Amino acid sequence: MAENGTNGTNGQGYVGTRTIRPDGVDKVTGRARFGADFNLPGQLIGRVLRSPHPHARIVRIDTSKAEALPGVKAVITRDDFADQSSEFIPAGEMMMNYKDVVRNVMAREKALYEGHAVAAVAATSPHIARKALKLIDVTYEVLPHVIDVVEAMKPGAPVLHDDLFTVGVEPKPDKPSNIAKRIEITLGDVEAGFKKADVVVEREFKTAPVHQGYIEPHAALASVSEDGSTELWCCTQGHFIVRAHCARLLGLDIAKIRVTASEIGGGFGGKTVVYLEPLAIALSRKAKRPVKMVMSREEVFKASGPTSGATVKVKMGATKDGKFVAGFAELKYQAGAFQGSPVQPGVFCAYAPYDMENVKVIGYDVVSNRPKVAAYRAPGAPISEFAVESVVDEIAKKLGLDPIDLRMMNAAREGTKAAYGPKFGPIGLEETLNSIKKTEHWNTPLRKWQGRGVASGFWFNIGGETCASLTINEDGTVSLMAGTPDIGGLRAALTNVVADELGIPYDKVRPIIGDTGSLGFTFLTGGSRSAFSGSMAIVEAAKQIKAELCARACKLWEAKPDQVEFKDGAVRPLGALAEKVKPMTVADFAKVAGKTGGPIGGYGRINAQGAGPSLGTHLVDLEVDPETGRVTILRYTVAQDAGKALHPAYVEGQFQGGAVQGIGWALNEEYVYGADGKLQNAGFLDYRMPVASDVPMIDAILVEVANPKHPYGVRGVGETPIVPPLGAIANAMENATGIRFTELPMSPPKVLKALKERGATAR
Amino acid sequence: MVLIGNLAQLTGGVAEFQLSATSVKHLFQQLAELHPAIGPHLDEGVAVAIDGQIYQDALFEPIAPDSEVFLLPQIAGGAAPATRR
């Protein structure tokens, strides 16, 4: 295998080698253009007026003074957006309802969280825009608020939506509540299963909502011409989705809007929805000038989606030899101000890593006066699997079993029936457990106040609609156009595939991310789908090119189709023909393209199916400071099934990034609300995310159990790595202190309090 | 064919069916004829697992005579059909 940063093949092709990322130079020199880097002549600056109240009826909005301020070119409010009917659609990684989306981008009847957009202005300078916001007179009727998920579920809690009646319960409720939905999955007979158990562990867990924490704030630049033609530049995980949402919210034909995705400074699911984009277009349409909007970090925290905080009950039973015989869980997930938490995948994933005959999981989707949650890497799974993995570890301890052996004994494998229905195809959980057990890390002794934890995790992965085009240029180089924004090295991974499919050098391929006018609808970068689906679309496009080249060769050589084949970058004559003509490379065909039929290209348009689940196992060592409660991560190893790593360095990067985000979720990150319902830590100084100096180098072990449904065996890898860290770290904390921490984050104050209360001593 | 999660609430609590569909499209048609209430939910937001493999938005996917089929809520993502109107 080639080392990092070389563009050589491994003798068998580029797939599986660590080629230099095509966008790398621009990223390290500052030339790459992110959302806020786009500007147009004559642009205005847009700013949003946000609710200071967590829950308030909007009685009246008077914008007359702001509109009269010199330099103000447009003001928009709820009146500038037509109401939408109630209709759920899959969007990003979760379901959404346009009736809620139109209310989230601009409050209508009520402001439902602190930071909820109430009005927006476009002005000739930031100073005038800010001044204009102060001149907008909003009359609020402040209402009681509710922040906590359990409080929000109680009878008598302030109700956010008068038309929200719990779905999934019988009889149908006659009163509205904050419980949007109850869901349940059942496999076997869980009560009968518990009767067979020799040991039963039951625990309740609590997790805090955490933000995706992308370093680049949301940004959008819109320009609407007099005829309604709209150009939009924005940082997003899916510009085709942005186009669709904006068209719907603003009553525009999709063809009228062209969206270009900027480079993206992280998304992690949080940039699969729209916030500023429809506002910028609405302002530009009104002002008839370009409008640029960029969120502050405070706005990102207060008004863009985190993932849910939750309360989770888990009860598991096992026989004395370690076989899991029953698992129950009850999940209560915060959705934020509008329904649609990731509780459904949380329910499905809770016991997915294990082969169990009796499982019952119940989930509740609950609204409260917080920003609407957005997808965050494996939405919902880290929460439920944290709880289950903690209990699995406790069972191991009670039974005196090695925690890896216990997981191995119960591991889901090919043919295992998942609690959510279908049987698994080939999956690699056992291989990841074996890999971890063989590491030097697993066998290294620990010192006082140090602990070691292990946990496994599961995520489904998806495919979806995807387009990619390949164009053979006049000199034989190739232009690759993909429709999914490159967040984690996608261009390098796809270029490896193009080079191998067409048998040309990696450096002869130039990958770009096309705008919405350049390709057919392409779903977003999310669901761990972009490398999986994009490479399938490329294989399809390359197949067309190879067929075309073979057809042209047949015409040039006056041969029959069975006398030629495309192999190793050239159309080759077979049999007796080989003695008469020489093979023609892609570059040879490029030279004669005009004479042989015109430009050569392929266009892959697929709805990719066959995404294989990815399972992983994480191992962590940490040290607890008994004087301060601070936890230091000493060592961390990730083993995950990638199916086939198109580009190992960026697969490892996904493993490492997921682990680090999980470390933050486990140890420090949380939204802190005051009694007034206002967020108190809307900035990176007070919302503590891990930085490079907080974590060691994360060791990554690539396990490759091929996905038989993909031409190269690829599985999505981006989301699974954030699933195990929460449980692994909680298990390591127990190992270090003897205390089972059930509430996240395990921040220094909580750890110190627990150590003092329980008189903990080092293991 | 087995309905997972809350989908059985749309079929009067019946979760298991013996159907003779040859494709996802036929499966949806037969199920909607038996239980009209589930019809609108089959258009959007439902994934189909055929012999362990999950398909989303795949009306023409064939179903073999002895296939084991599950209907479940869409896992994550999927297209955005409502935006096409």
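Cut-off values and rules
Residues numbered from 1 in each chain as written. Chains lettered and ligands numbered in written order. Predicted model: local features only at pLDDT ≥ 70, side-chain atom pairs only at ≥ 80, totals over all residues. Helix = DSSP H or I, 4+ residues; strand = E, 2+ residues; numbered from the N terminus. Buried ≥ 20, exposed ≤ 12 C-beta atoms within 10 Å, placed from the backbone. Contact = placed C-beta atoms within 7 Å. Rg over C-alpha atoms; globule rule 2.2 N^0.38 Å. Pairing = 2+ DSSP bridges. Axes fitted to C-alpha atoms, helices over the stretch in contact; angles between N-to-C directions. Parallel < 35°, antiparallel > 145°, perpendicular 65-115°, else oblique. Left-handed = near helix turned anticlockwise from the far one by under 90°. Nonpolar A, V, L, I, M, F, W, Y, C, P; charged D, E, K, R; others polar. Domains from an automatic or database assignment.

1. With respect to the overall build of chain B
In terms of helices and strands, chain B carries 2 helices and 4 strands. Helices and strands in chain B line up, N terminus first, as β-α-α-β-β-β. Buried residues in chain B amount to 38% of all 85 residues. Looking at chain B alone, contacts between residues at least 24 apart form 54% of all its contacts between residues at least 6 apart.

2. So, the overall build of chain A
Each helix and strand in chain A was counted, giving 19 helices and 28 strands. On C-alpha atoms alone, chain A measures out to a radius of gyration of 27 Å, which is about the 27 Å that the 2.2 N^0.38 rule sets for 763 residues. Reported as C-alpha extents along the three principal axes, the dimensions of chain A are approximately 85 × 75 × 50 Å. Residue pairs at least 24 apart in sequence account for 79% of intrachain contacts in chain A once pairs closer than 6 positions are excluded.

3. Some remarks on the environment of Val638 of chain A
Residues and elements named next belong to chain A. Among the secondary structure elements, Val638 is positioned in strand S27 (residues 631-641). Residue classification places Val638 among the buried residues on the basis of 30 C-beta atoms within 10 Å. For the pair formed by Val638 and Gly658, sequence separation is 20 residues and the distance between their alpha carbons is 9.6 Å. Filtering out sequence-adjacent residues up to four positions away, Val638 remains in contact with Gly616, His618, Phe655, Ala659, Ile698, Ala700, Ile701 and Pro721.

4. Remarks on the sheet that holds strand S8 (residues 137-142) of chain A
Residues and elements named next belong to chain A. Strand order in this open sheet of 3 strands is S6-S2-S8, and the pairing throughout is antiparallel. Of all the strands in the sheet, just strand S6 (110-111) and S8 have a single pairing partner and so form its edges. Bridge count between strand S2 (residues 56-62) and S8: 6 bridges; the pairing is antiparallel. Residue Ile58 lies in a different strand from S8, and its bridge partner there is Tyr140.

5. What to know about the sheet that holds strand S22 (residues 564-567) of chain A
Residues and elements named next belong to chain A. The strand order across the open sheet formed by 3 strands is S22-S23-S24, and the pairing between neighbours is antiparallel. Each having just a single partner strand, S22 and strand S24 (584-585) make up the two edges of the open sheet. Direction of pairing for S22 relative to strand S23 (residues 570-573): antiparallel, over a ladder of 4 bridges. Residue pairing for S23: Lys567 is matched across the bridge by Ala570. Relative to S22, helix H15 (residues 530-557) is tilted by about 140°, and along the sheet it contacts S22, S23 and S24.

6. Thoughts on the packing of helix H17 (residues 648-667) of chain A against helix H18 (residues 725-737) of chain A
Residues and elements named next belong to chain A. At a minimum axis separation of 8 Å, H17 and H18 run at an interaxial angle of 55°. In terms of orientation, H17 and H18 fall into the oblique class. The way H17 lies across H18 gives a crossing that is right-handed. Contact residues: H17 offers Ala659, Gly662, Ile663, Trp665, Ala666 and Leu667, while H18 offers Pro725, Leu726, Ile729 and Ala730. When its residues are assigned to classes, the contact of H17 with H18 shows 9 nonpolar, 1 polar and no charged.

7. Considering unusual backbone geometry
With an omega of -5°, the peptide bond running from Glu170 of chain A to Pro171 of chain A counts as cis. Examined against the element boundaries, Pro171 of chain A turns out to sit in the loop between helix H5 (149-153) and strand S9 (179-187). Leu744 of chain A connects to Pro745 of chain A through a cis peptide bond whose omega is 0°. Within the secondary structure layout, Pro745 of chain A lies in the loop between H18 and helix H19 (748-758). Although it is not a glycine, Ala378 of chain A adopts a positive phi angle of roughly 55°. With respect to the helices and strands, the residue Ala378 of chain A is situated in the loop between strand S17 (359-367) and helix H11 (381-399). The residue Asp57 of chain B is not glycine, and still its phi comes out positive at about 55°. One can find Asp57 of chain B in the loop between strand S3 (53-56) and strand S4 (69-73). For Asp57 of chain B, a count of 22 C-beta atoms within 10 Å corresponds to the buried category.

8. Overview of the domain arrangement of chain A
What the domain assignment reports for chain A is domain 1 (36-143 + 217-295), domain 2 (425-460 + 613-763) and domain 3 (463-608). For domain 1 of chain A and domain 2 of chain A, the distance between their C-alpha centres works out to 37 Å.

9. A word on the packing of H11 of chain A against helix H12 (residues 403-410) of chain A
All names here are of chain A. Put simply, H11 and H12 touch, their axes get as near as 9 Å, and they point 110° apart. Looking at the two axes, H11 sits roughly perpendicular to H12. Between H11 and H12 lies a crossing whose hand is right-handed. When H11 is examined against H12, the residues Val392, Asp393, Ile395 and Ala396 are found in contact with a partner set consisting of Pro403, Leu406 and Arg407. Here the residues of the contact of H11 with H12 are counted per class, giving 5 nonpolar, no polar and 2 charged.

10. Comments concerning the environment of Ser67 of chain B
Residues and elements named next belong to chain B. Inspection of the secondary structure puts Ser67 in the loop between S3 and S4. For the pair Ser67 and Leu27, spaced 40 residues apart in the sequence, the C-alpha separation amounts to 12 Å. Leave out the neighbours within four places in its chain, and Ser67 touches Ile50 and Asp51.

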